[in-house]
Each structure stands twice: as structure tokens, then as C-alpha cells.
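So you can see what is in the structure, the chains are spelled out below.
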Amino acid sequence: MIQEKYNPHEIEAKWQQYWEDNKTFKTEMDSRRPKSYVLEMFPYPSGNLHMGHVRNYSIGDVVARFRTMNGYNVLHPMGWDSFGMPAENAAIKHGIPPKKWTMENIANMTRQQKRLGLSYDWDREVTTCKPDYYKWTQWFFELFYKRGLAVKKKSAVNWCNTCNTVLANEQVIDGKCWRCDHEVVKKDLEQWFFKITDYADELLKDLDLLEGWPERVKTMQRNWIGRSEGLEFSFDFPEIGERIPVYTTRPDTIYGVTYVVLAAEHPLVEKLCVNNPKAEEIKAFCERVRNQSDIERTSSESEKEGLFTGCYCIHPLTGRKVQIWITNYVLYDYGTGAVMGVPTHDARDWMFADKYGLDKIVVINPKDKELKLEDMTDAYEEKEGVLVNSGEFSGMELHEGMEAIKDKIEAMGIGQRRVNYRLRDWLISRQRYWGAPIPVIYCPDCGEVLVPEDQLPVMLPEDVKFDAGAVSPLATSESFVNCTCPKCGKPAKRETDTMDTFLCSSWYYLRYTDPKNADAPFGKAKVNYWSPVDQYIGGIEHAILHLLYSRFFMKVLHDAGLVDYKEPFTNLLTQGMVIKDGAKMSKSLGNVVSPEEIIGKYGADTARLFIMFAAPPERELEWSDQGVEGSFRFLGRVWRIVYHYQDVLAQKVTQYDPAELDEAGKNLRRVLHTSIKKVTDDIEQRFNFNTAISAMMELVNALYAYKEAAKEPHAGLIYETVANLLKLLSPFVPHITEELWHGVISEEGSIHEEKWPKADADAMKVDRIEIALQVNGKLRGRLVVPADAGKDELEKLALAEPHIAETVDTDKIVKVVCVPGRLVNIVVKP
RNA sequence: GCCGAAGUGGCGGAAUUGGCAGACGCACUUGACUCAAAAUCAAGCGGGUUUACGCUCGUGCCGGUUCGAGUCCGGCCUUCGGCACCA
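The structure presented is a predicted model; accordingly, all values stated were derived computationally and were not measured.

Student: Tell me about the packing of aromatic side chains, and name the residues and values.
Tutor: Counted according to the given criterion, the structure contains 50 aromatic pairs. Relative to Tyr 134, the ring of Phe 83 has its centre 5.6 Å away and its plane inclined at 45 degrees; by these criteria the two rings are tilted. Taken together, the residues Phe 83 in the loop between β3 (79–80) and α3 (85–94) and Tyr 134 in helix α5 (residues 131–146) connect sequence positions 51 residues apart. Taken individually, Phe 83 and Tyr 134 each receive the classification buried, so the pair is uniform in this respect. Ring geometry for Tyr 329 versus Phe 352: centroids 5.4 Å apart, planes at 65 degrees, classification edge-to-face. One end of the pair, Tyr 329, is in the loop between β14 (321–327) and β15 (338–341); the other, Phe 352, is in helix α11 (residues 347–356), with 23 residues separating them in the sequence.

Student: Residue-level account of the side chain of Ser 472, with values.
Tutor: If you trace the backbone, Ser 472 turns up in the loop between β22 (447–450) and α13 (478–481). Looking at Ser 472, its side chain comes within polar contact range of the main-chain oxygen of Thr 496, at 2.6 Å.

Student: Can you explain the protein's contact with RNA strand B? Please cite residues and give values.
Tutor: Near RNA strand B there are 57 residues, and of these Lys 304, Arg 348, Arg 422, Arg 686 and Asn 825 occur at the shortest range. At a separation of 2.6 Å, a base oxygen of RNA strand B approaches a polar side-chain atom of Lys 678. Take Glu 770: an N or O atom from its main chain is 2.8 Å from a base nitrogen of RNA strand B. Broken down by element, the surface near RNA strand B gets its largest block of residues, seven residues, from helix α23 (residues 689–709). Residues belonging to the surface near RNA strand B are distributed by class as follows: 18 nonpolar, 17 polar and 22 charged.

Student: How would you sum up the pattern of salt bridges? Please name residues and give values.
Tutor: In this structure the tally under the stated criterion is 51 salt bridges. Notably, a salt bridge pairs Asp 354 with Lys 360, separated by 2.5 Å at the nearest N-O pair. What makes Asp 354 partly exposed here is its relative accessible area of 46%. As a salt-bridge pair, Asp 445 and Lys 490 come within 2.4 Å of each other at their nearest N and O atoms. With Asp 445 in the loop between β21 (440–443) and β22 and Lys 490 in the loop between β23 (482–484) and β24 (491–494), the pair connects residues that are 45 residues apart, well separated along the chain. The exposure class of Asp 445 is exposed, given its relative accessible area of 51%. In this structure Lys 490 comes out as partly exposed when scored by relative accessible area, which is 43%. In this structure, a network of salt bridges that share partners links the residues Glu 403, Lys 406, Asp 407, Glu 410 and Arg 417.

Student: Can you break down the pairing of strand β31 (residues 768–775) residue by residue, with the values?
Tutor: As judged from the eight bridges shared by β31 and strand β32 (residues 778–786), these two strands associate in the antiparallel manner. Following the sheet pairing, Ile 771 is matched in β32 by Leu 783. Following β31, the chain reverses through two residues before pairing antiparallel with β32; Asn 776 in that reversal takes a positive phi of roughly 50 degrees.

Student: Provide a residue-level description of empty space enclosed by the protein, including the pertinent values.
Tutor: Within this structure, the stated rule accounts for one cavity of 30 Å³ or more. Size it by volume and the largest cavity reaches roughly 180 Å³. Lining the largest cavity we find 18 residues, and of these Met 85, Arg 179, Arg 430, Arg 432 and Thr 501 sit closest to its centre. The class makeup of the residues in the lining of the largest cavity is seven nonpolar, six polar and five charged.

Student: I'd like to hear about the nonpolar core, residue by residue, with values.
Tutor: Met 51, Trp 623, Val 642, Phe 689 and Phe 732 are the most contacted members of the largest nonpolar core, which has 94 residues in total. Top element by residues in this core is α23. It accounts for twelve residues. In terms of nonpolar packing, the next biggest core, distinct from the first, is built from 91 residues, Leu 203, Ile 225, Ala 436 and Trp 507 among them.

Student: Account for helix α18 (residues 595–602), naming residues and giving values.
Tutor: Residues spaced three or four apart along an α-helix point in a common direction, a consequence of the helix completing one turn every 3.6 residues. What α18 keeps buried is the set Pro 595, Ile 598, Ile 599 and Tyr 602. Buried residues of α18, viewed axially, fall in a sector of 100 degrees; they line one side. The outward face of α18, more than 90 degrees from its buried face, is lined by the exposed residues Glu 597 and Lys 601. Elements in contact with the buried residues of α18: α1 (8–22), α2 (51–69), α4 (98–115), α19 (604–614) and α20 (625–644). Trailing α18 by a residue or two, Gly 603 shows a phi angle of about 100 degrees, which is positive.

Student: Outline the packing of α3 against α4, listing residues and values.
Tutor: Direction vectors running N to C along α3 and α4 enclose 120 degrees, while the axes themselves pass 8 Å from each other. Between α3 and α4, the angle is such that the two are oblique. Viewed along their axes, α3 and α4 form a crossing whose handedness is right-handed. Where α3 abuts α4, its residues Pro 86, Ala 87, Glu 88, Ala 90 and Ala 91 lie against Pro 98, Trp 101 and Thr 102. Taken together, the residues of the contact of α3 with α4 sort by class into six nonpolar, one polar and one charged.

Student: An account of the layout of surface pockets is needed here, citing residue identities and associated values.
Tutor: Considering only enclosed or pocket space, the second largest pocket measures out at about 440 Å³ in volume. Lining the second largest pocket are 25 residues, with Thr 24, Arg 33, Thr 68, Tyr 72 and His 752 sitting closest to its centre. Elements with a contribution of two residues or more to the lining of the second largest pocket: α2 and β2 (73–75). Element by element, the count of residues in the lining of the second largest pocket is highest for α2, at four residues. Per-class residue counts for the lining of the second largest pocket are seven nonpolar, nine polar and nine charged.

Student: Which residues make up the pairing of strand β9 (residues 184–194), and what values do they have?
Tutor: Sheet analysis places strand β5 (residues 150–160) next to β9, joined by eleven bridges and oriented antiparallel. Across the sheet, residue Cys 160 finds its bridge partner in β9, namely Val 184. Note: β9 against strand β19 (residues 426–427), two bridges, orientation antiparallel. Among the inter-strand pairings, Phe 193 is bridged to a residue of β19, identified as Leu 427.

About the thresholds
Residues numbered from 1 in each chain as written. Chains lettered and ligands numbered in written order. Predicted model: local features only at pLDDT ≥ 70, side-chain atom pairs only at ≥ 80, totals over all residues. Heavy atoms only, no water. Phe/Tyr/Trp six-rings, centres within 6.5 Å; stacked < 30°, edge-to-face > 60°. Helix = DSSP H or I, 4+ residues; strand = E, 2+ residues; numbered from the N terminus. Buried < 20%, exposed > 50% of the residue type's maximum accessible area, 1.4 Å probe, protein only. Polar contact = N/O pair within 3.5 Å; in protein donor to acceptor, adjacent residues only side chain to side chain. Near = heavy atom within 4 Å. Nonpolar A, V, L, I, M, F, W, Y, C, P; charged D, E, K, R; others polar. Salt bridge = Lys/Arg side-chain N within 4 Å of Asp/Glu carboxyl O. Pairing = 2+ DSSP bridges. 1 Å grid on protein atoms, 1.4 Å probe; cavity = no way out; pocket = protein on both sides within 12 Å on 5 of 7 lines; lining within 4 Å. Points joined across faces, edges and corners; volume = space filled by probe spheres on them. Core = buried A, V, L, I, M, F, W, Y, C linked by side-chain atoms within 4.5 Å. Arc of directions from axis to C-beta. Contact = heavy atoms within 4.5 Å. Axes fitted to C-alpha atoms, helices over the stretch in contact; angles between N-to-C directions. Parallel < 35°, antiparallel > 145°, perpendicular 65-115°, else oblique. Left-handed = near helix turned anticlockwise from the far one by under 90°.

Below you can see the structure in the form of C-alpha cells.
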């Protein structure tokens, strides 16, 4: 029996408790069923869920429940990316310990997630700030260290003055800190790096294997890795007995070189200043350039500045003297930090040469055209044409010339072909407290020593000062810093930096497979049973950051023999933002809608249904209060029609012969089975949840139409329709369907353990269909024909149709196009 | 500049392989129920034109292919996103 009115709050609390008590969503390894690992990006415990979270988890929950009902053994876990700065800021601002703040937020957000009725196996919960997790994050650091992939080196790094810490390249967005949006400056510091560049080529190549990833994300990663092929070679610098190595992707333009440029940081600058009358001027220039921020220095609009050093090097092929300049537009950390200048075939060099009156030589002519310097207003950069003024290479086609020049340089022994990447090594140390300590000890005698495995985890101390300034708060804890060297036993000091939280999140999806393992990050059998993640769902903002780091981690773990897979996420769905009034929800705009408020008013099922219905998952979702009302109304409609048929359903007519149905019944049964097919295909093949829901709405409309049309409802048909409708709806709105299922179908078990319905092809068949009737491609009427009518029959029927017979002159018919099941098009001469 | 995605009613969005444009929902209009309102149930709902059957225009713009184009091709425009002195 069910109540007359739909009361979401009562039934949602009831079934959430039921699922928890019955461990409905607990998962174990099971070799008899195919596995499916469905994962949503785990959240940072900021305090409250926002609509973006709700969208993310609703999508994942539908997929997980759908796959379970389709016979998969589904892993669907949840956890907390719980290290990070906001916890520390709360400590500085309000004096709350980061751990307390974080754990309270996790408790609150867990409660909010449970109110959404998500099908997580909570026994697998993972929390990155707990010692039993960060122990293994530290263990992975040591693994990387032992494999030569974690190194400490000094370089110019990104520093955020607001966050008081260094940042990885990926965390600098348009020259600003990804977290606080303040301008990032460069500092020369010794820091820990993970050598992600060792994997640049593999990370790039394997993108081609990721057929289940959006093109957009793959393109972003390709751009970020930025592979280029070229030639590295040297100019002789006889004045000081050195060579200047340069890197170019355009060796074909080598005869057009009129100057060579060094980055301001280039070590040769200091050497060429010795006994140089311009030394003071050069040093002042370099100093000024180095103090420019990244934004000033790398903006393409900013003025290119340079200074002639007074020195010359020798062109390796022509023997000409070539001026050596220093500029602000050459990057020290890309290629060799020095570049050849070819004004005629590079836009930057053209501008630079114009500004400083440097020579220009045309060495490439476009096909069938001769470039004349006096006519040129711009560099000719096309990679097409013929080499000229290029000695023995003149007359060669561009690509042929390029290869010939590379061969020549290599044969001369002054250079070689080279591949360069834009990708930089991942800076992983942070001068912050709330992170996993780097497990390294510095001994005056032994140097850098790893903390032995059996002493992990290196626990975060609690006796620290949080506002320590530019050093890590860990440095303020005497008891933490001072230790003994594991090798020689003498007094030593601990590393006081912690690890980038992106490191914690680079392997969490593996820990879910074996979350309580105390002897290893995960067991091999378990990780290889569940991995890789079959469907990953999250925001596009991680297109590079988290998704690139995780891919890197997986490759290293694969090479270390810990996992059998090279890619962590087989399929990726990037959900769009939730917006309101055309803008992202934000406190400052005052357009935030809180999930708790919506759940409080309508219940979780309505919130989930609206979010899934309002837009396809990859697109932006415009929040609409009226749209939410509409979703609530639909659930009310479902409730009322089931309530209406309650007594009919109570007869439990589970079997019947469809042949005994009348017209109205056949019609309803046809809609039911086409809906089953449509909903199944929409979820399975396209993630078009919005159209899946619209199909279910049509089914409910058809049920209402049947109620009007059939005076004596067919008990078997009603039972079949309602039972299947509830199953189709259950992944989207798990509570109301569970309530109705128990009320009218079965009091035992859960609807969520039922099998997904199968469409009956016979039920979808119709005798007669309506097709379009066109003349010259324009709609001129409709024609009801037997569903299996062939081309000849269609043509006959079409020509016999009164409207056509009257208006179309048979002599002028050129041909008749018949598409069975679709249309007839009569082509007529004018 | 390079790369990627998108552009359809008043709005969110459908149209899956080139085959009836606008499914489904929101908003709006009307009818039933009601003393009345809400809720609910039922019906209508791109523009122009017509008493009506119809006719006609219509998927960012201009062309093309085709019996037939929202969908394919060529050329633009606009919006969003990524990369960008990367040599």
C-alpha cells in the first residue's frame, strides 16, 4: 500500500537508512561478473556541497546504478582530497586546528552526500590527510626518488606571495596563482621536482589510446606538453673560446641568420662580460629583464627589447660574423636558452630586426614567386617554398632542404636532431603545513637520506606556528625538525616542506580498490581486478592538472611493476558548470542556490532529476527554479498514476498474452517498449540523460492517455508498465522508485537489485505507419501505409493519393524517390 | 596567431546514418473541476498569410553538392574554452 500523497522527506530518510542497514551498495571482488569502476572526482572538504558537486555525483550515480542493474560488479566509492590551504587559512584566521576544521567539514559533507541518496560503498572511503593514507603518498615519493624521478634542484620557480609557497607550472594561470588569483613572481630556489618530462613523449603518444576521452581535453594536454621537432647546433664564439648552442625548428632558414640571441639568464652572459667595455650596461639590462614578471615578459603585445653585446660568433655554414644580442623575449628554460635570429622568416625576429636595424636575408621563396625585401611588410613564415641564397642547398624544396641541412650539421659534428617539449618538471614541494611531509632527512655527513620505509609515515607535527612567513610552518616545530640520520645515527634535520596535494590525488583511485591495506598502498590482485577506472566524471578545470599528473603516476607505477595498466581512466566525462542568470554561481554575485535548500524544499529525487534533465552532462546547466518545479511536478504525476492503479496492481498479474490487448493497450505497450529501448540507449551509449528522462515523461503521458481511453484497465499490462517504468526511473530517482516498488510491486528486496528491463521487439512493431509525402523535396501531405510496404507499393500509394493525383501532372514526373519507413518524394519537371 | 567546441521558438533543449525541424520540459493561453483561488486533469502554443483546406518563410551569414541539408563541402561572422615571444 502507498500513501495518497508524495512526501519526499519521509520516504527519502527511510530508504537511506534501509540502504545503509542492508549494505545495499557494498562491493566485493567477483570473478563471475564483469566489473565496472565508476568514479567521480573526489571533493576538497570545503564545508558544504555546491550544485557542481550535486551534478557530478548525480551523473556518476546514474551510471553506477544503471551498470549494476545491467549485471556489472560496480565499484563506486567516495573520499576526500583533504590536504590543502583552506584548512591552514582557517587555522591562521580563526585559530582552528586544520585537522579539526577538515574533519568537521568531512562530517558535514558526508551527511549532505547521504541526503542525496548516492550509491557509494562507504566502507571504501579514503581520506588523504589521514596517516594511513599519507603514509603511502610518502612511500610513493620514495619510490619516485629511488627511480631517479624525484630530484632536488635549484631553479627559477613560481612563487605566490599570498599563499607563501612555490607553485607548479600547471598551477599558474595567466601568470596568476590558480588558488588566490594573485600575480606569481619568479624566485631562485632549491626545490623538489618530479621528472614528468621523462614521460613527456609517452604522455603525448598514449593520448591516442584514449578513445573515451573528449577531444577537447586531449587537445589541451597535447598543447600543454607542446612537442616540437628540430635541430640543436652551435655557433663558434672564438673571442672567449666557447660555443653557443641554439635550438631551431626551422633549420631550412639557417642561411638567413643575421644575429644570435641569448636569454638574460644565460651563463654565457657573465663570461662575455669579462673585459667587455659594455659589461656594466649588459649587467644592468639583464638585471632589469629578470625583474620583469612573467606577465610582462611573456605577453605577446609587450615590446621586444634587446642589447647588442659587442661580441660576434661565427655562422657554421657561411663563416660570416654574426652579432650576439641579449633580449627579454628568449626563455632561458626552453631549448638551449639561445636562439638564432632570422628576420625574414620569423615574425618576432622581423619586429626585432626592424627595431634595431639588423640585416635581413631572404632564404625561402614561396612557390612561383620571388620575395623582394623592399616589398615585404612582414616575415614569410609559411612552411612551403624553395630555398634561395642558401649555398649548396639553394633550389631545394623546403622540406628536402630542411633534412639536407640537418644531415650536413650532424655530419659536421656541431649539432643533432632534437625533440623539445613545452612541459616542465613538476615542482612538488610546498612551504605549507597541511600536506604530507616529504620523507627526507638531511645529514651533515650522509647528505640527503630517505626516511626508512618501516618508519613511515612521517607524521605531521601539531606544535607549529601557522603564520611562519616564507618558510614552512613545519620548520617551527623543534621536535619535528631535529632527528637522527637513519644511516649514521648522528643528529640530522628533517625536510620541512610538504608535498603538493595534487600528488595525494594522483593515486587515490587505486587506493579505493584496497582501502584498508596496511602493508602496501594496494594489493596487486585487487588493483588489477578493478583498474583502470571505466568511467571517470569531473570538471573540465582538471583537464591538465589532475588528469595529467594521474596519467604520469600510473605510468611510473606501471614501470615499477605495481599495476598492469598504463592509463588510469579509460573513459572521461567532463561535466559542464552549473550557472544561474548566465553566470557561474558565486557568493559575490549572490546567485548561489544551495543544494540543502533545494533538498529541504523538494527532496533529493527532484534535485537529481532536474539536474539530469535540464541539459546534457557536458554542457553548461542553467539553474531554473521553475524547472525544478517542473521536475517535482513530474514525480507527483508518477506518484498519482501509480496510486490510481494501486488496486489493479495488487492483483499481481505478472503474466499475460499481449495478443489479448485492445488498441489502447497495444499502443501503451508499444510506448513502454520503445521507451525501454530509448532510455537504455541514451544512458549506455550517449550519456544523454536529458532525453532518457523525456522518454520516460512520454511514457507517463501515455499511461495517462491509457487511463482516459481504457474503461477496463488490463491488469497485466498495468503491472508490466508500472514495474518497468519504476525500474527505468530508479537510477535517476532512487527513493521514490524504491517506495513505490515496495508499495505496489514487491515488499522484499530493493528495486536497485533488480535486473534492467529488456525491450520486446515485437511490442514495438506497428501495422501501419505515417510517412511524409513530398513533391520536389517539399512536404505536401502525409500518407498512412503498411509498415512493411516496399518501394513499388509506396510509389503506387503515393501517386494514388487524392491530393497528389489532383496537383501533379503525371507526364512531368522525372522520378519517384521512395524511402521505406520514411517518405516518398515525387520529383517533377517545372 | 595556432588548436578545440558551439550557434535551432519567449527560455532549457530534441532531431542517433542526409529523409516530416522544434520531441520533452518551462513560460504563456484556454477549457473542466471549484463559491473562488491553488493544486490537478484536458487542449492549444515558430513567424507571415488565409473564414477555412492550405500557401509561404524559417536551424548565425553567403554559396555549393543532392530528389531532399539543422546534418555534408567551400568561404565568412559571432560566442566560449585552451595554448601562445616555446625559437
